[in-house]
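Next come the chains, spelled out residue by residue.
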Amino acid sequence: MKYYLSYSIALLCLFLTAEVFAQILPRHHRDIHSAIYRRSSLYTLMVNDVDRNKAEVIKRSFKGSPMPDKFNDHNLSIRVFNPMHYSASNTDLPDIINNFFRENRIGQGLVAKWFNRDGKGYFNINLVAERGLYNASVMQAEIARFSARGSSLLADAGAELIYNTFVVVNRFNYIPKEEIIDAASRGVNEVARLVNRVEAVRGVNLLLDLASDVAAEGYVVQAHSYLYKLKWNDSIAAVFYNNYWVDESSMYSVEEKQRRKLAFENSDIFQLEFVGFDAAWALLPATIFTQKTEEELIYIATVRAIDAVIAKLQREHDVFKTKAPLYTVEPLSAKIGLKEGLTNNCRFEVLEKTIDKNGRTKYVRKGVIRVDGQIWDNRFMADEERELTEGADNLPVIDRTHFRGRGKFYPGMLIRQIR
Amino acid sequence: MKIITKITGFFFVPLFVLCVSSCAPVRKVERAVEVPRFEIEAMPTGIKGTYLLKVWTYSTNPMPDFKQVKRNAVYGVLFEGFKGKRGIAGQKPIVPNPKIKTEKAEFFNAFFAEGGAYLNFVDLVNDGAIAAGDRIRMGDLFRIGIVSSVKAAELRKHLEEAGIIPRLGEGFY
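Keep in mind it's a predicted model, so treat the numbers as computed, not measured. (Residues numbered from 1 in each chain as written. Chains lettered and ligands numbered in written order. Predicted model: local features only at pLDDT ≥ 70, side-chain atom pairs only at ≥ 80, totals over all residues.)

## What to know about the overall build of chain A
(1) Moving on: Secondary structure summary: chain A contains 14 helices and 14 strands in total.
(2) Moving on: Expressed as a percentage of its 419 residues, the buried residues of chain A come to 33%.
(3) Moving on: A separation of at least 24 residues holds for 76% of the contacts in chain A among residues at least 6 apart in sequence. (Helix = DSSP H or I, 4+ residues; strand = E, 2+ residues; numbered from the N terminus. Buried ≥ 20, exposed ≤ 12 C-beta atoms within 10 Å, placed from the backbone. Contact = placed C-beta atoms within 7 Å.)

Structure (structure tokens):
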């Protein structure tokens, strides 16, 4: 009896000590650059290695792939380029990409697209305003409703979206199953060499699974992606508006308009900066029962590879992560939906903004929630489509997305996408 | 057995006592200055006759009291005004003379009472939803910002008709 009592006291002390340590150790803090989510505008490019296997099919698949709902389509007319034309003395792909950007004035092109530049060199803010309105959260729209400027407030806010203009340069590698089986027979290292040791562990496991599946023919598309951001800040914006801007109503002379037009075209202030690199896979086993053609299968694998690499970019770069405040807690809901790219697999961390006694702002994780049930369709023209649907009056109105999760949550806590 | 018991006792009991005596309470915050009841922040200019503002309330309750937010919004517009910020004009208080608050105490007590007339002059934007970044924990206090629209023109007219403040232009001939 004496022993049992001693042990019980010792265990209780151990437990309580652990609890106390848990209290005094630093809590889970998160880095947040901004609590406000802004839609990013994306330009996707493909490096066309014409000598690679299935290059033509992959090129067609890439050009036909849709832009995810989460991003504004900022594609320029050039979508594919041959690296051999930009290699000069250097064969490193980042240098080739930089040469491509420079020779094709991609920075200028991105800014020109933002301001709808026409053949005469005239700009306008129609696209900026349109994207500003679409980007607005429910809260921002409500504030605009009560303000004197109304929707113009939201349209002006579109100028802030220019800061979130990105370019993703993709290089695809098509690997047929026969090559995988051959590499697997020579050992795991050979398989790793096949995937260029990028994401080696997961890639190797995926390929070994495919190699061992005797029923499958199999297509693997590997996507290597380089992420760049348009350099845009207050200084660059000031130079643009003061020195290059011209529109139909401008009172400049013909010579001045021509001078501004040329100054914009020859400017070197519109640059792209490298942000990061990532790689992803799409594994598409083609069984002997499939009805799809080879081109259709490669299209599916290519699109999946693009989606996979964009999903990875979202996980690794804060600017892409959807953020919103919790709208209600019983039940858990937020005013975000398909427009932000939500799917049933999405998970969000719930963060509480705190200010410590030194005045430092931190975000502390309070829990994790996941999408539960139907997702709000807040995409462009979704309301109009719903009204035109037969029996729309009898359908429940969905104006928020519900979540499930456990924790001490309150309205206004920030939720940030983690998956 | 005896040795295990002794080791456990020698190590963990004093360790526990040490931890309990040394760790500070998690949530207590020493406040050297008085915490304001509320603060007013200017928002984009409201539609004609209204002021759009964000009311920051300090409370130990994590859930906002919407009636208190509305009361603070009207009180702030009446007696305190708010500073402007870049591109947004500030506003002076409708009742600039602080003595009127005391002289007309009976009127204002009824005006701000539970269910009082103040409710007719304020709306909470987006039903009082809290925007991202507007809920902040500061130790054991919560600082919560809620956007409100105060019908300033109607409020002024109401006080003029009640004889609390002179009409604009009164006294000029």
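Having put the structure on the table, let's press on.
## Digging into the overall build of chain B
(1) Moving on: Counting its regular elements, chain B contains 5 helices and 5 strands.
(2) Moving on: Looking at the 173 residues of chain B, the share that counts as buried comes to 31%.
(3) Moving on: Relative to all contacts within chain B whose residues are 6 or more apart in sequence, the contacts with residues 24 or more apart total 62%.

## Comments concerning the domain arrangement of chain A
Residues and elements named next belong to chain A.
(1) Moving on: In terms of domains, chain A is made up of domain 1 (34-320) and domain 2 (322-417).
(2) Moving on: Counting residues at the interface gives 8 residues for domain 1 and 11 residues for domain 2.
(3) Moving on: Counted by class, the side of domain 1 that touches domain 2 contains 5 nonpolar, 1 polar and 2 charged residues. (Domains from an automatic or database assignment. Nonpolar A, V, L, I, M, F, W, Y, C, P; charged D, E, K, R; others polar.)

## Concerning the environment of G145(B)
All names here are of chain B.
(1) Moving on: Within the secondary structure layout, G145 lies in strand β5 (residues 141-150).
(2) Moving on: Separated by 21 residues in sequence, G145 and L124 place their C-alpha atoms 11 Å apart.
(3) Moving on: Beyond its immediate sequence surroundings of up to four residues, G145 is in contact with K54, V55, W56 and D134.

## Digging into helix α6 (residues 138-146) of chain A
(1) Moving on: Every buried residue of α6(A) is listed here: M139(A), I143(A), A144(A) and F146(A). Buried residues of α6(A), seen end-on, are gathered within an arc of 165° and therefore sit on one face of the element.
(2) Moving on: Elements that come into contact with the buried residues of α6(A) comprise α7 (151-157) of chain A together with β2 (51-59) and β5 of chain B. (Arc of directions from axis to C-beta.)

## Quick word on unusual backbone geometry
(1) Moving on: The omega torsion of the bond from E330(A) to P331(A) falls at 5°, within 30 degrees of zero and hence cis.
(2) Moving on: Positive phi, close to 50°, is recorded for R105(A), a residue that is not glycine.
(3) Moving on: Residue position: R105(A) is located in the loop between α3 (93-103) and α4 (106-114).
(4) Moving on: Accessibility expressed as a C-beta count within 10 Å gives 16 for R105(A), which makes it partly exposed.
(5) Moving on: Even without being a glycine, D127(B) presents a positive backbone phi close to 55°.
(6) Moving on: Mapped onto the elements of the fold, D127(B) is located in the loop between β3 (122-124) and β4 (135-138).
(7) Moving on: For D127(B), a count of 10 C-beta atoms within 10 Å corresponds to the exposed category.

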